[in-house]
2 protein chains.
Amino acid sequence: MRRLTRVLGGYISGTDVRSSVAGHELGIGDLDAVPGIVEKHLAQFFDERGPAISAIGEPVAEAVAHLRAFVLGGGKRVRPRYGWAGFVGAGGLATSEDPDAVLRAMSSLELIQACALVHDDIIDASDTRRGNPTVHRSVEAQHRKQDMLGDATAYGINTAILLGDLALAWAEDMWRYSGVSLEALTRAAEPWVGMRTEVIGGQLLDISLEGRGSESVDLADRVNRFKTAAYTIERPLHLGAAVAGADDATISAFRGYGRDIGIAFQLRDDLLGVFGDPAITGKPAGDDLREGKRTVLFATALELLDRDAAAELRAGVGTATEPEEIARLAALIRGSGAEDAVEARISSLTASGLAHLDHAGISDEAKHALTVMARKATDRRM
Amino acid sequence: MRRLTRVLGGYISGTDVRSSVAGHELGIGDLDAVPGIVEKHLAQFFDERGPAISAIGEPVAEAVAHLRAFVLGGGKRVRPRYGWAGFVGAGGLATSEDPDAVLRAMSSLELIQACALVHDDIIDASDTRRGNPTVHRSVEAQHRKQDMLGDATAYGINTAILLGDLALAWAEDMWRYSGVSLEALTRAAEPWVGMRTEVIGGQLLDISLEGRGSESVDLADRVNRFKTAAYTIERPLHLGAAVAGADDATISAFRGYGRDIGIAFQLRDDLLGVFGDPAITGKPAGDDLREGKRTVLFATALELLDRDAAAELRAGVGTATEPEEIARLAALIRGSGAEDAVEARISSLTASGLAHLDHAGISDEAKHALTVMARKATDRRM
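Residues numbered from 1 in each chain as written. Chains lettered and ligands numbered in written order. Predicted model: local features only at pLDDT ≥ 70, side-chain atom pairs only at ≥ 80, totals over all residues. Heavy atoms only, no water.

- The name that an unreviewed UniProt entry assigns to chain A is Polyprenyl synthetase family protein, with the source organism given as Corynebacterium lujinxingii.
- Under the heading Sequence similarities (unreviewed entry), UniProt records this for chain A: "Belongs to the FPP/GGPP synthase family."
- Per UniProt, the comment on chain A under Pathway (unreviewed entry) is "Isoprenoid biosynthesis." (UniProt positions renumbered as here; feature names shortened; annotations may be inferred.)

Now the structure itself:
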């Protein structure tokens, strides 16, 4: 097996962090150890890029510091966790792949996620994320503080566009030169290629449905499938299983689980976006109604309501702002039967997703861990 | 040699376009045939991605059509041209690399360029590019025409941010699965990793110098080095030579040429941005002064002028709008001696750049072609 880690001179040193994290002893049961290891790999990656960035110029290093703070500043590391679960669950620890390199490769998913979030926060004009200012807002604040020339808001956005681009390019580098074997990278080519097109395409679909005022259940379902399910669960599991050298049937079982549980996860999110308790979710009640999101829940309600009630819901979504207006829209959706329909679909997807795990190629330990993760994802209040 | 082209099922068919373009007979003398071949490869790539995009949803296919029109709608294909020159000039045609696959790999540079231009046009708030509306503007126009919901301007920008991201992700795919051997991709890993960080970092530096009102010749020089020279000439040549399996001395010669000629090219651009004839350049006279660009020319003039004249130039750049004000600023720069200094630097860089070509590993035909390209790049009026 050949590894590319060492060919890149100053760019990627490939220093092994195994000694500090005991990566080679991690099993599927240690999924909770994954975030810590991922953060070590990400910090190390930024450290390694430091000299190349400083060579371009100190102002660039200052900009990249915003990206680094964002990447290391929180997040549940869900995608690397599923990637690792796919690898270990398909028997990867019994192969000659270096487990620490696999964890490094999976950490790159957090850089794709950084690009997605930094750019989404510009698109949604969001001021905060994880309780901190979004990247474009924190750069804007620096512009004001340093009394720089030009428009501070535009400067924040422009810098954040470029920092998102950098995160996307770096995700490729971190994935490709993680130390995973070339054979494993070749096996994982299809999910890697698919995943990136799916998440960006899913996000394009999402904003276009808002722009079109779409009422299609099918199209809302596709946003869930590509933007959430494929990108968050199905493809990370697929990547891990492919790196482990899993057979087609095992990969297909992981993907079936990921697709079903991923869609159920998003449907739960949609319910919380309308009926969630603000004291628990941390978001205002009915946030999705205020923002005019074209969710499956919303489209299903329109299908079920009579003409007048549908017209009222349609007119209110994306325009209503008062708490009593929002509460009225939520009541319309609940009264339509859409909430029950979506709850039933979550139950059915959870059952079919878990049924996929009854496959000989998936270890019992992995089945147990993925069952726990599925329950957490689909049966939650925040 | 193993190639990855065929592993990706529906994503990349790897159909050989050689039959239609006679790629295997192309020599360095046929550099003018490169753009046509590059466009065929790009069109084929978009065709191959069609089914995956339509599977996400028809609205996504409509959005991607804007990207496709932009990528195929013009451009001199400078980067693939230099990439091919590096490959052929280092003896690549005598290796077992498939020349058509190499041209496909080099075509991916146009997708990186698409991301850079689409995002730069958002950053610069540009309405037109190559005589057509910019991508964010053409999406905005479609939003208005179809009477969509929400703010048309924001919708254009948001869609264009995502289309740029897609172009960047696709550049990786097109490069990686072009059919070039894994050995060649491994040899080319360092310039590939370097180039993408350099162009994004160079652009970050550029906007930060404007925000800081920088007057540093050194920092302006670094923008030229990383954003223009490395990305446009040095790294494409490096990629081509690495794919061909060139030795370190040959690569170093190509890189020396690329760095010097690339910087000279940008310095010529800076002179045209202040003194260019609008009837020839197609841009308003003194465009760089109006926009407040922090060029080497501007920083050099500030160094050379006495205190009062420097203050006048400093105050006018980025704020003056009237033709007579712009003409006065241009006269200040000319009077300072900065124009002559920059002309002298262009001559010296052109000479040192060409001197790098006197290296045994570079073919005579390549030397001739690169000399012609250097003259065109550094001695032009538009």
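Having seen the model, we can carry on.
1. Looking at helix 6 (residues 109-123) of chain B
Okay, step 1: The terminal C-alpha atoms of helix 6 of chain B lie 21 Å apart, and with 15 residues this matches the ideal 21 Å at 1.5 Å per residue to within 8%.
Okay, step 2: Most of helix 6 of chain B sits out of view: 15 of its 15 residues are buried. (Helix = DSSP H or I, 4+ residues; strand = E, 2+ residues; numbered from the N terminus. Expected span 1.5 Å × (residues − 1). Buried < 20%, exposed > 50% of the residue type's maximum accessible area, 1.4 Å probe, protein only.)

2. Considerations on the pattern of salt bridges
Okay, step 1: By the definition in use, this model includes 56 salt bridges over all chains.
Okay, step 2: One salt bridge in this structure joins A:Glu172 and A:Arg196, with 2.6 Å as the shortest N-O distance. Linking A:Glu172 in helix 8 (residues 152-176) with A:Arg196 in helix 10 (residues 189-212), this pair joins segments that are 24 residues apart in sequence.
Okay, step 3: Between B:Glu198 and B:Arg235 there is a salt bridge, with its nearest N and O atoms 2.7 Å apart. Placement of B:Glu198 in helix 10 (residues 189-212) and of B:Arg235 in helix 11 (residues 217-243) is noted, with a sequence separation of 37 residues between them. Accessibility assignment for this pair places B:Glu198 and B:Arg235 in one class, buried.
Okay, step 4: Each of the salt bridges in this network shares a partner with another, and the network as a whole consists of A:Arg49, A:Asp173, B:Glu172 and B:Arg196. (Salt bridge = Lys/Arg side-chain N within 4 Å of Asp/Glu carboxyl O.)

3. Some points on the side chain of B:Glu97
Residues and elements named next belong to chain B.
Okay, step 1: Mapped onto the elements of the fold, Glu97 is located in the loop between helix 4 (78-89) and helix 5 (99-107).
Okay, step 2: Despite its burial, Glu97 pairs with no opposite charge; the closest candidate is Arg187, at 4.1 Å N-O.
Okay, step 3: Looking at Glu97, its side chain comes within polar contact range of the side chain of Ser181, at 2.6 Å. (Lys, Arg positive; Asp, Glu negative; His and termini not counted. Polar contact = N/O pair within 3.5 Å; in protein donor to acceptor, adjacent residues only side chain to side chain.)

4. Considering the relation of the copies chain B and chain A
Okay, step 1: Of the two same-sequence chains, chain B is brought onto chain A (RMSD 0.0 Å, axial shift 0.0 Å) by a rotation of 180 degrees. The transformation relating the two chain copies, once decomposed into turn and shift, fits a two-fold axis. Closest approach to the rotation axis among the C-alpha atoms of chain B is made by B:Asp165, whose C-alpha sits 3.4 Å away.
Okay, step 2: Take the interface residues of chain B: 100% of them recur as interface residues in chain A, which is what a same-surface contact looks like. (Least-squares fit on C-alpha atoms with pLDDT ≥ 70 in both. Contact = heavy atoms within 4.5 Å.)

5. Examining the interface of chain B and chain A
Okay, step 1: Counting residues at the interface gives 60 residues for chain B and 61 residues for chain A.
Okay, step 2: If you sort the residues of chain B by the area they bury against chain A, B:Ile56, B:Leu162 and B:Leu204 come out on top, with a joint share of 12%.
Okay, step 3: The interface formed by chain B and chain A contains four salt bridges.
Okay, step 4: Among the salt bridges present, the one from B:Arg212 reaches A:Glu62, with a minimum N-O distance of 3.4 Å.
Okay, step 5: Here chain B is connected to chain A by 18 residue pairs in polar contact (both at pLDDT 80 or more). (Buried area = accessible area lost by both parts, 1.4 Å probe.)

6. Quick look at the domain arrangement of chain A
All names here are of chain A.
Okay, step 1: As assigned here, chain A comprises domain 1 (15-180) and domain 2 (184-382).
Okay, step 2: For domain 1 versus domain 2, the separation of C-alpha centres amounts to 24 Å.
Okay, step 3: With 30 residues of domain 1 in contact, the opposing surface of domain 2 contributes 32 residues.
Okay, step 4: Both sides together, the interface formed by domain 1 and domain 2 hides about 2,600 Å², and carbon and sulfur atoms give 72% of it.
Okay, step 5: Viewed at the interface, domain 2 and domain 1 are joined by one salt bridge.
Okay, step 6: At the junction of domain 1 with domain 2, the criterion picks out six residue pairs in polar contact (both at pLDDT 80 or more).
Okay, step 7: Looking at the side of domain 1 that touches domain 2, the elements that each hand over two or more residues are helix 4 (78-89), helix 5 (99-107), helix 6 (109-123) and helix 8. (Domains from an automatic or database assignment.)

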